[in-house]
Amino acid sequence: MDLYHPSESFVDRANVKPGEPYEALIAKASADPEAFWSDLAESELHWFRKWDKVLDESEAPFYKWFTGATTNMSYNCLDRHCKTWRKNRAAIVWEGEPGDQRTLTYQELLRAVERFAAVLKAQGFRAGDRAILYMPMVPELPVAMLACARLGITHSVVFAGFSAEALKTRILDLDAGLVVTADGGWRRGNIVPLKQAVDDALGDCPGVRSVIVYRRTGNEVEMTPGRDAWWHDLEADVTAGCPAERLDAEHPLYVLYTSGTTGKPKGIVHSTGGYQLQVSMAMRWVFDIKDEDTYWCAADVGWVTGHSYIVYGPLLVGTTTVMYEGAPDFPEPDRFWSLVDKYKVNVFYTSPTAIRAFIKFGTEYPERHDLSSLRLLGSVGEPINPSAWEWYHSVIGGGRCPIVDTWWQTETGSIMISPLPGVTALKPGSGTFPLPGIAADVVDLEGNSVAPGGEGYLVVRKPWPSMFRTLWGDPERFRETYWSQIPGIYFVGDAARKDEDGYFWVLGRVDDVMNVSGHRMSTAELESTLVRHAAVAEAAVVGMPDELTGQAVIAFVTPIQGNDPTDELAAELREWVAQQIGKFARPKQIRFSDALPKTRSGKIMRRLLREIVTTHKVSGDITTLEDLSVVNRLAAQQDED
Ligand code: PRX
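All values derive from a computational prediction rather than experimental measurement.

(A) Just the sheet that holds strand β16 (residues 294-297), in detail. Read from one edge to the other, the open sheet built from seven strands follows the order β5-β4-β17-β16-β18-β19-β20, with strand pairing classed as mixed. Bordering the open sheet on either side are β5 (101-105) and β20 (403-406), each of which pairs with just one other strand. The mean inter-strand angle of the sheet, taken between neighbouring strand axes irrespective of direction, is 20°. Bridge count between β16 and strand β17 (residues 320-324): three bridges; the pairing is parallel. When the sheet's bridge partners are listed, Tyr295 is paired in β17 with Thr321.

In structure tokens:
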């Protein structure tokens, strides 16, 4: 396989250089991880009070970092930079889908955050309270996040593509007292009615005493007196100035819900101190950020990628972060490239699904624009197939930009496995090596490392600063899901291979979690949604390989007697899922069947269904199957499609 080496000019300017500097970094990290991280914490961030202990393992797996220290994420992202030349540097360069533009300098962003924090304070919210942010991709979303962080209000951003139902589940689980939203957001020229969804959700959420509404799209919305208020009205009533609270390093900065293997989403809890350190280091090591860079992570703030690498990471290192509100193909499929050209983006980070969509649109779209400002590209969210990698490298990167294929998860908070762009020789499709200080490995179920060339389970052997601390309200599930498969070691849930040269290749999930367009989806959550529909007796959901989205959702459904398996019912069920979870979760196909393959003890054999949708036949062990004819019928049905 061809190796891709960084150019000499890239290496010359790289933040981490090959040879001795890189080896020294790795050696220090492995010899004494605590000294390694604490030295970086000291040089990288502001602490109001220094820690007593770097890593507290006394209640493992509930690890704590920098105990006794006080700090503040909002202070580190803003106040600190405003004491330097950076105060007039662009912090956020934003473009709305209709083409409107705004730029906020660090000083302006700090003022906006202080003002909104003052609003929250005036409403009586304080450290320890929880806020749900259900917002479009406008600068006020980072403003709200940073204002919460400033006061110690734990925020939970709910992706604006989630439905009212999904929003309600999250509000209730978090017992949030505050919801920040907007009248709407723009998506492919249409208004997404966010406030309407909040109203629908809040009927059953008595704990919410305040809803703050930012005016974005100008559509009519209903305001409930005593509960709802406009962002701009509240701001008019406060005087600016709101200092950052001195918060414990372990203070929960945010909770972000992600899919697991049951029907109930998991609230991933992130801390303040350790999280800010590791995302900051990833910006320097992986994205190789320079003072003059313009950086764009084309994700949505509603997912962890947006938290760590649109908002917190870039602002921590004082770079300019580009934010775009809408769809990549609106009004035409060259929108991303027009933004790269217009804002002279230097570092660009996106997902393999987006890259595959661009390949399908054709090279004419990137060719319309000057992409020569780009010097580094990134990929995240799912394995990138080598052909998509090559296209990204040559068509977008002009053959000159290294690609950092970054492996991480909502749980890890920050990038864990990735090339260092000035150091690592790249193999398309491989995330290459763990970052300094990250003890990732590929093991068998006893926890033994696999031999070179072997496959196994991806794990992390030692705690890392940006690790999630627990699951909101469910510490037992935290321990059970992640720390008990191989006792004492973090079990990722991905399969991986380590090749003869020690390169890591992440192969995909080993549990019933699918990865659709880089979004995690739980089979159990989709199944329980489908069986809640009045016409459905049983449902089993599997992922089918898909050229564009990585995996696509296929739902096998047995209707309740008296409901015909018609196209209309299939359409209704797809719509039902969109309404209950969000449009992005809509199954690609509904396949009706009068029965589902089950073991004699009644468990649905998803493995067989997976085989049917991928290979069109069943070859694995079917000795535990109760009724073989069901499988034969489903396989025959597949052949007809
Ligand atoms: O299966 C891995 C895949 O995405 C999962 C994490 O999903 P989520 O928590 O939604 O976070 C996505 C953005 C960080 C992982 O368990 N994954 C993520 N990045 C990669 C990847 N698989 C292969 N290569 C990657 N670079």
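Past the structure itself, the notes keep going.
(B) Region of the structure containing the site of the ligand. The environment of the ligand is made up of 16 residues, and the closest members are Asp405, Thr406, Thr410, Asp494 and Arg520. Here a nitrogen atom of the ligand and a backbone polar atom of Gly381 are 3.1 Å apart. In the environment of the ligand, an oxygen atom lies 2.9 Å from a nitrogen or oxygen atom belonging to the side chain of Asp494. Look at the ligand: alone it shows 540 Å² of surface, and the protein chains cover 95% of it. Put simply, the parts of the chain that give the shell around the ligand at least two residues each are β20 and β25 (504-509). Here the shell around the ligand is composed, by residue class, of five nonpolar, six polar and five charged.

(C) Representation of the nonpolar core. Phe66, Leu109, Phe116, Phe287, Tyr309 and Tyr312 are the most contacted members of the largest nonpolar core, which has 122 residues in total. Element by element, the count of residues in this core is highest for helix α5 (residues 106-122), at ten residues. What Phe287 contacts, discounting residues up to four positions off in sequence, is Ala282, Tyr295, Tyr309, Val347, Tyr349, Arg375, Leu376, Val404 and Ile415. Counting residues in each nonpolar core, the second largest holds 48 residues, with Val255, Val541, Ala585 and Ile590 among its members.

(D) Expanded view of the sheet that holds strand β21 (residues 440-443). The strand order across the open sheet built from four strands is β21-β22-β24-β25, with neighbouring strands paired in antiparallel fashion. Unpaired on one side and paired on the other, β21 and β25 mark the two borders of the sheet. Neighbour-to-neighbour, the strand axes of the sheet open up by a mean angle of 45°, direction not taken into account. Here strand β24 (residues 490-498) runs beside β25; their pairing, made up of five bridges, is antiparallel. Paired with Lys498 across the strands is Phe504, a residue of β25.

(E) Geometry of the packing of helix α4 (residues 73-82) against α5. Packing of α4 against α5 leaves a shortest axis separation of 9 Å and a crossing angle of 130°. In terms of orientation, α4 lies oblique with respect to α5. Helix-helix and strand crossings are classified by hand; for α4 and α5 the assignment is left-handed. Between α4 and α5, the residues in contact are Ser74, Cys77, Leu78, Asp79, His81 and Cys82 and Tyr106, Gln107, Leu109, Leu110 and Val113, respectively. Class assignment of the residues belonging to the contact of α4 with α5 gives a composition of seven nonpolar, three polar and one charged.

(F) Just the pattern of salt bridges, in detail. Across all of its chains, the model carries 49 salt bridges by this definition. A salt bridge links Arg520 to Glu411, with the shortest nitrogen-to-oxygen separation between them at 2.9 Å. With Arg520 in strand β27 (residues 519-522) and Glu411 in the loop between β20 and β21, this pair connects stretches of sequence that are 109 residues apart. Assessed through its relative accessible area of 16%, Arg520 is described here as buried. A residue is classified by how much of its surface remains accessible, and Glu411, at 1% relative accessible area, is buried. Note that Arg606 is salt-bridged to Asp512, the shortest N-O span being 3.5 Å. Note that Arg606 is positioned in helix α19 (residues 606-615) and Asp512 in the loop between β25 and β26 (513-516), a separation of 94 residues in sequence. You can call Arg606 buried: its relative accessible area is 19%. Classification of Asp512 as partly exposed rests on a relative accessible area of 25%. Through salt bridges with shared partners, a single ionic network connects Lys195, Asp199, Arg227 and Asp228.

(G) Just helix α17 (residues 523-531), in detail. In terms of burial, α17 is a largely internal element, seven of the nine residues being buried. Among all positions in α17, only Thr523, Ala524, Glu525, Leu526, Glu527, Thr529 and Leu530 are buried. Its side-chain oxygen at 3.2 Å from the backbone nitrogen of Ala524, Ser522 defines the N-terminal cap of α17.

(H) Summary view of the packing of aromatic side chains. With the rule as written, the count across this model stands at 45 aromatic pairs. Ring centres of Trp65 and Phe66 lie 6.0 Å apart, and the angle between their planes is 45°; this geometry places the pair in the tilted category. The exposure class of Trp65 is buried, given its relative accessible area of 1%. The buried category is assigned to Phe66, whose relative accessible area is 0%. Seen in terms of ring centroids, Tyr482 and Tyr490 are 5.6 Å apart; in terms of plane orientation they differ by 20°. Their pairing is stacked. Of the two residues, Tyr482 and Tyr490, neither departs from the other in class, the shared state being buried. Three or more aromatic residues joined by ring pairs form one cluster here, namely Phe62, Tyr63, Trp464, Phe468, Phe478, Tyr482, Trp483 and Tyr490. Cation over ring: Arg170 sits above Phe162, and NZ or CZ is 4.2 Å from the ring centre.

(I) Quick look at empty space enclosed by the protein. Within the structure shown, the criterion is met by five cavities of 30 Å³ or more. Taken as a whole, the largest cavity holds about 50 Å³ of empty space. Every residue lining the largest cavity is listed: Ser156, Val157, Val158, Phe159, Phe162, Arg170, Leu256, Tyr257, Gly302 and Trp303. For the lining of the largest cavity, the secondary structure elements donating two or more residues are β7 (154-157) and β14 (254-258). In terms of residue class, the lining of the largest cavity is built from seven nonpolar, two polar and one charged.

Definitions and limits used
Residues numbered from 1 in each chain as written. Predicted model: local features only at pLDDT ≥ 70, side-chain atom pairs only at ≥ 80, totals over all residues. Heavy atoms only, no water. Pairing = 2+ DSSP bridges. Helix = DSSP H or I, 4+ residues; strand = E, 2+ residues; numbered from the N terminus. Axes fitted to C-alpha atoms, helices over the stretch in contact; angles between N-to-C directions. Near = heavy atom within 4 Å. Polar contact = N/O pair within 3.5 Å; in protein donor to acceptor, adjacent residues only side chain to side chain. Areas by Shrake-Rupley, 256 points an atom, 1.4 Å probe, with all protein chains shown as cover. Nonpolar A, V, L, I, M, F, W, Y, C, P; charged D, E, K, R; others polar. Core = buried A, V, L, I, M, F, W, Y, C linked by side-chain atoms within 4.5 Å. Buried < 20%, exposed > 50% of the residue type's maximum accessible area, 1.4 Å probe, protein only. Contact = heavy atoms within 4.5 Å. Parallel < 35°, antiparallel > 145°, perpendicular 65-115°, else oblique. Left-handed = near helix turned anticlockwise from the far one by under 90°. Salt bridge = Lys/Arg side-chain N within 4 Å of Asp/Glu carboxyl O. Phe/Tyr/Trp six-rings, centres within 6.5 Å; stacked < 30°, edge-to-face > 60°. Lys NZ or Arg CZ within 6 Å of the ring centre and 35° of its normal. 1 Å grid on protein atoms, 1.4 Å probe; cavity = no way out; pocket = protein on both sides within 12 Å on 5 of 7 lines; lining within 4 Å. Points joined across faces, edges and corners; volume = space filled by probe spheres on them.

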